[in-house]
Amino acid sequence: VLTVFGLRETIMAHSFGIVEDKLREAEFFLGHLRRSSHLSFDGRCFFSAFVSAARSVTLAMQASLKGVGDFDQWYEVDATQVCTEYFTSFSICNF
């Protein structure tokens, strides 16, 4: 995170806003997936979009938060558990 002319907080808010947008994107596609017909073309497309969007959450976190506080250490230790909990919280197998 850069501190240039007192903009550190603005940059962090913007960076984390990208992560929040990625979460909303994953939730958007999950909603469409849940409403689609099982094994339909639409359902397969929404599933693919959901998985891609959900994976991009961790990529956005890495890009936005690298070098911020203890993020790098946290990511090494806890990210796998958080991602597993995130995916299972959607119960995507029961749509």
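Residues numbered from 1 in each chain as written. Predicted model: local features only at pLDDT ≥ 70, side-chain atom pairs only at ≥ 80, totals over all residues. Heavy atoms only, no water.

Undergrad: Sorry if this is basic, but what is going on with the overall build of the chain here?
TA: For the chain, the count of helices and strands is 3 helices and 0 strands. When its helices and strands are written in sequence order, the chain yields α-α-α. In the chain, buried positions account for 31% of the 95 residues. In the chain, of all internal contacts separated by at least 6 residues, the share reaching a separation of at least 24 is 61%. Here the chain displays about 6600 Å² of accessible surface, and carbon together with sulfur accounts for 60% of that area. (Helix = DSSP H or I, 4+ residues; strand = E, 2+ residues; numbered from the N terminus. Buried < 20%, exposed > 50% of the residue type's maximum accessible area, 1.4 Å probe, protein only. Contact = heavy atoms within 4.5 Å. Areas by Shrake-Rupley, 256 points an atom, 1.4 Å probe, with all protein chains shown as cover.)

Undergrad: What is the right way to read the confidence of the model for the chain from this model?
TA: Close inspection of predicted coordinates is inappropriate in any region flagged by low pLDDT. Confidence in the prediction for the chain averages 77 pLDDT; 71% of positions are at 70 or higher. Put simply, helix H3 (residues 71–89) is where the chain has its lowest mean pLDDT, 72, and helix H2 (residues 41–65) is where it has its highest, 90. (pLDDT = per-residue confidence, 0-100.)

Undergrad: Sorry if this is basic, but what is going on with the nonpolar core here?
TA: Within the largest apolar cluster, 8 residues are counted, these being Val19, Val57, Ala60, Met61, Leu65, Phe71, Tyr75 and Ala79. Among the elements that line this core, the one with the most residues is H2, at 4 residues. (Core = buried A, V, L, I, M, F, W, Y, C linked by side-chain atoms within 4.5 Å.)

Undergrad: Teacher, can you tell me more about the packing of aromatic side chains here?
TA: Applying the stated criterion to the full structure yields 1 aromatic pair. With centroids separated by 5.2 Å and ring planes inclined at 75°, the aromatic side chains of Phe28 and Phe29 adopt a geometry described as edge-to-face. (Phe/Tyr/Trp six-rings, centres within 6.5 Å; stacked < 30°, edge-to-face > 60°.)

Undergrad: Honestly, H2 in this entry has me stumped. Any pointers?
TA: Side chains of residues three or four places apart in an α-helix project in the same direction, reflecting 3.6 residues per turn. Spanning 25 residues, H2 covers 36 Å between terminal C-alpha atoms, matching the ideal 36 Å at 1.5 Å per step. Among the residues of H2, those classed as buried are Gly43, Phe50, Ala53, Ala54, Ser56, Val57, Thr58, Ala60, Met61, Ser64 and Leu65. Two residues or fewer after H2 comes Gly67, characterised by a positive phi angle close to 80°. (Expected span 1.5 Å × (residues − 1).)

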